[in-house]
Protein chains: 2
Amino acid sequence: MREIFRQDLEQVGDDLVLMAQKVRTAMSDATAALQNGDLARAERVIASDHEIDQVHDSLEAQCVTLLARQQPVATDLRIVVTGLRLSATLERMGDLARHVADVARGRYPDLALPPMAKDLFDQVVTAVNAVANDVVDLLEGHDLALATRVLEDDDKLDALHKETFRLMLAPSADVTGLTAQQLVDITLLGRYFERFGDHSVSVARRIMFLVTGDPSAHVEAVQS
Amino acid sequence: MREIFRQDLEQVGDDLVLMAQKVRTAMSDATAALQNGDLARAERVIASDHEIDQVHDSLEAQCVTLLARQQPVATDLRIVVTGLRLSATLERMGDLARHVADVARGRYPDLALPPMAKDLFDQVVTAVNAVANDVVDLLEGHDLALATRVLEDDDKLDALHKETFRLMLAPSADVTGLTAQQLVDITLLGRYFERFGDHSVSVARRIMFLVTGDPSAHVEAVQS
């Protein structure tokens, strides 16, 4: 019985890694679609979001079943409760990748991002894909150095997010020459990427708590 | 021992109601601050968000302790797991109210919303406060008719959200005469209110699942 329980716990960890990998792929495709106006790629992200949702649903059911049947305590309980939370967080990260793809698809055959925003968003895309990759590695290895890297990558994303406002608002809308649609898109994209970073930080803190047992490590740094 | 457990479960329910009440007050104050450019009220929302976070943290700790010590099954387990999830959802709803207050404060002494957006946002504010109120009533009484009302109120919010895009984008930015700052603010506010409605739907579906035990009722309708 305990051996089966051990396998079940490992399955929770494996499913979280699987979700994180799917999220990484979705964000990588969504950002490529955004940068290149690649309709097929945007549609692939949108069509495959339900796969992430499916792993989420099965993981959630599995965690509740584990709680009911195995009544875990101590570290085992922490693994199951963390599994419940991370699965919800990763599901939302998948939604955010889909939203990015939605913007890319909505503007096709045009590019959503005007030339003047290209450099900035190239940096954002690099940072967001780095953080998506960190999250996979972190869930695979529970390496606390990676948790710290997630926090640093998120700081970078936050700084870039502030830049997007500067880009849109200064010195004046007339000078930037952005259309209303472009302003709306840049605002939403900035928000999606910022939220993706916040959720990554949430994953990092939950893993820090799981590994160290230090509750201060799990203080929620996520802003909505 | 079981009597204490019963009290603990009731405490979970009471804390959820308390959080929902604080969220309702925060959103009511934030939207009033937005409509009237009321700086003091905006700052009150921002300053008191940590109270919602505190109830969240204590509720979460309490649920995990209940899982560890009481090892609940069946309905009791469902109550505790639902408590964990709803507490996270309500915490995010509090964050969104704070974000609305942030926008109001950021534009003070000006109004964030230009006159041409007033009518539409008056409707949005009415709908969002109605949904915040429904969530309190729902958590207090677990009345499934209220869950249905939340879904209907959210449909109204979604329709109004689509209207905000129409307002900003048609017929042309020149005609609307909105500044870049106003476009950014309206986009973000629209998103915050939409998310608030989505989270309310999530609460409604979780309660439907808790009351009916029907898993299809808990299918996550929330978009990120």
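- Naming follows an unreviewed UniProt entry, where chain A appears as Phosphate-specific transport system accessory protein PhoU of Serinibacter arcticus.
- Turning to chain A, the UniProt annotation filed under Sequence similarities (unreviewed entry) states: "Belongs to the PhoU family."
- The UniProt entry for chain A carries the following comment under Subcellular location (unreviewed entry): "Cytoplasm".

### Quick look at the packing of helix 2 (residues 39-70) of chain A against helix 3 (residues 74-107) of chain A
Residues and elements named next belong to chain A.
Line of reasoning, step 1. In contact at an axis separation of 9 Å, helix 2 and helix 3 are set at 165° when each is read in the N-to-C sense. Classified by the angle between their axes, helix 2 and helix 3 sit roughly antiparallel to one another. In this structure, helix 2 meets helix 3 at a crossing whose hand is left-handed.
Line of reasoning, step 2. Residues that form the contact of helix 2 with helix 3 fall into these classes: 18 nonpolar, four polar and nine charged.

### With respect to helix 3 (residues 74-107) of chain B
Line of reasoning, step 1. Its 34 residues place the ends of helix 3 of chain B 50 Å apart at the C-alpha level, agreeing with the 50 Å of an ideal helix rising 1.5 Å per residue.
Line of reasoning, step 2. Within helix 3 of chain B, 25 of the 34 residues are buried, which leaves the element mostly enclosed by the surrounding structure.

### As for the side chain of Asp 15 of chain B
All names here are of chain B.
Line of reasoning, step 1. Structurally, Asp 15 is set in helix 1 (residues 2-36).
Line of reasoning, step 2. The side chain of Asp 15 is buried and forms no salt bridge, while Lys 22, the nearest opposite charge, is found at 10 Å.
Line of reasoning, step 3. Residues in contact with Asp 15, not counting those within four places in the same chain, are Val 55, Ser 58, Leu 59 and Gln 62.

### Let's talk about helix 2 (residues 39-70) of chain B
Residue and element names in this part refer to chain B.
Line of reasoning, step 1. With 32 residues, helix 2 should cover 46 Å at 1.5 Å per step; its first-to-last C-alpha distance of 47 Å lies within 8% of that length.
Line of reasoning, step 2. Its maximal kink placed at Ser 48, helix 2 deviates by approximately 30°.
Line of reasoning, step 3. At the N-terminal boundary of helix 2, the capping side chain belongs to Asp 38, with an oxygen 3.3 Å from the backbone nitrogen of Ala 40.
Line of reasoning, step 4. One or two steps after helix 2, the chain reaches Gln 71, where phi turns positive at roughly 40°.

### A closer look at the relation of the copies chain A and chain B
Line of reasoning, step 1. Aligned on chain B, chain A shows an RMSD of 0.0 Å; the corresponding rotation is 180° and the shift along the axis is 0.0 Å. Each copy turns onto its partner about a two-fold axis. Among all residues of chain A, the one whose C-alpha sits closest to the rotation axis is Gln 71 of chain A, at a distance of 2.7 Å.
Line of reasoning, step 2. When you check the interface residues of chain A against chain B, 100% turn up at the interface there too, and the contact is symmetric in its surfaces.

### Topic: the interface of chain A and chain B
Quite often, the size of an interface is put as the accessible area lost when its parts meet.
Line of reasoning, step 1. With 34 residues of chain A at the contact, the number on the chain B side is 34 residues.
Line of reasoning, step 2. Taken together, the two surfaces of chain A and chain B that pack against each other cover about 3000 Å², and 60% of this comes from carbon and sulfur.
Line of reasoning, step 3. Across the contact surface, chain A and chain B share four salt bridges.
Line of reasoning, step 4. At the boundary of chain A and chain B, one finds three residue pairs in polar contact (both at pLDDT 80 or more).
Line of reasoning, step 5. Ranked by residue count, the leading element in the side of chain A that touches chain B is helix 7 (residues 180-212) of chain A, at 10 residues.

### Some thoughts on the UniProt feature "domain: PhoU" (unreviewed entry) in chain A
Line of reasoning, step 1. In the UniProt entry, the feature "domain: PhoU" (unreviewed entry) is given for residues 17-102 and 128-207 of chain A.
Line of reasoning, step 2. Secondary structure across residues 17-102 of chain A divides into 94% helix and 0% strand, with the first and last C-alpha atoms of the span separated by 25 Å.

Conventions and cut-offs
- Residues numbered from 1 in each chain as written.
- Chains lettered and ligands numbered in written order.
- Predicted model: local features only at pLDDT ≥ 70, side-chain atom pairs only at ≥ 80, totals over all residues.
- Heavy atoms only, no water.
- UniProt positions renumbered as here; feature names shortened; annotations may be inferred.
- Axes fitted to C-alpha atoms, helices over the stretch in contact; angles between N-to-C directions.
- Helix = DSSP H or I, 4+ residues; strand = E, 2+ residues; numbered from the N terminus.
- Parallel < 35°, antiparallel > 145°, perpendicular 65-115°, else oblique.
- Left-handed = near helix turned anticlockwise from the far one by under 90°.
- Nonpolar A, V, L, I, M, F, W, Y, C, P; charged D, E, K, R; others polar.
- Expected span 1.5 Å × (residues − 1).
- Buried < 20%, exposed > 50% of the residue type's maximum accessible area, 1.4 Å probe, protein only.
- Lys, Arg positive; Asp, Glu negative; His and termini not counted.
- Salt bridge = Lys/Arg side-chain N within 4 Å of Asp/Glu carboxyl O.
- Contact = heavy atoms within 4.5 Å.
- Bend = angle between axes of the 7 residues up to and from the residue.
- Polar contact = N/O pair within 3.5 Å; in protein donor to acceptor, adjacent residues only side chain to side chain.
- Least-squares fit on C-alpha atoms with pLDDT ≥ 70 in both.
- Buried area = accessible area lost by both parts, 1.4 Å probe.

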